[in-house]
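What the coordinates show
Spelled out, the chains give:
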Amino acid sequence: MHAHVSAMRIQRARVTGPDAIAPPGYRQGVREIGIRGDMIRLGQLLKLADLASGGGDVKAILADGVTVNGQPEDRRGRQLHPGDVVGAAGDELRVVAQA
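None of these values were measured; they are calculated from a predicted model.

How each quantity is defined
- Residues numbered from 1 in each chain as written.
- Predicted model: local features only at pLDDT ≥ 70, side-chain atom pairs only at ≥ 80, totals over all residues.
- Heavy atoms only, no water.
- Salt bridge = Lys/Arg side-chain N within 4 Å of Asp/Glu carboxyl O.
- Helix = DSSP H or I, 4+ residues; strand = E, 2+ residues; numbered from the N terminus.
- Buried < 20%, exposed > 50% of the residue type's maximum accessible area, 1.4 Å probe, protein only.
- Pairing = 2+ DSSP bridges.

On to the pattern of salt bridges, then. A complete count under the given rule lists three salt bridges for this structure. With its nearest N and O atoms 3.8 Å apart, the salt bridge here joins Arg31 to Asp91. Placement of the pair is Arg31 in strand E2 (residues 30-35) and Asp91 in strand E8 (residues 91-97), with a sequence separation of 60 residues. For the pair formed by Arg31 and Asp91, the shared burial category is buried. Residues Glu73 and Arg78 are paired through a salt bridge, measuring 2.8 Å at the closest nitrogen-oxygen approach. The class for Glu73 is buried, based on a relative accessible area of 7%. You can call Arg78 partly exposed: its relative accessible area is 22%. Three or more residues are tied together by salt bridges with common partners; here these are Glu73, Arg75 and Arg78.

The subject of this paragraph is the pairing of strand E7 (residues 85-88). Across three bridges, strand E4 (residues 66-68) lies against E7 in antiparallel orientation. Bridge pairing in E7 places Val66 opposite Ala88. Across four bridges, E7 lies against E8 in antiparallel orientation. Note on E8: the bridge partner recorded for Val86 is Leu93.

These results come straight from atomic positions and should not be treated as a statement about function.
Rendered as structure tokens:
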């Protein structure tokens, strides 16, 4: 795992307290991930969100359990669109169109 990924996970842990100020991209416990275009695959989203650094990490996260819009999902190629919400590795990610 890259050092910047570990640092980001540590930073996320610091902002979970009740008095913490949320960094950009967080909204009421859901982190928004901006995408170009109208679709991203689930595996790509997990890497973009720094939850996974490669395909092996994606497989491990999927094996631990991922939800898309509240439904269990195990396909890394699942197409996601703006508005979809992914639950993975203790995080919630909302796909948003990047301006």
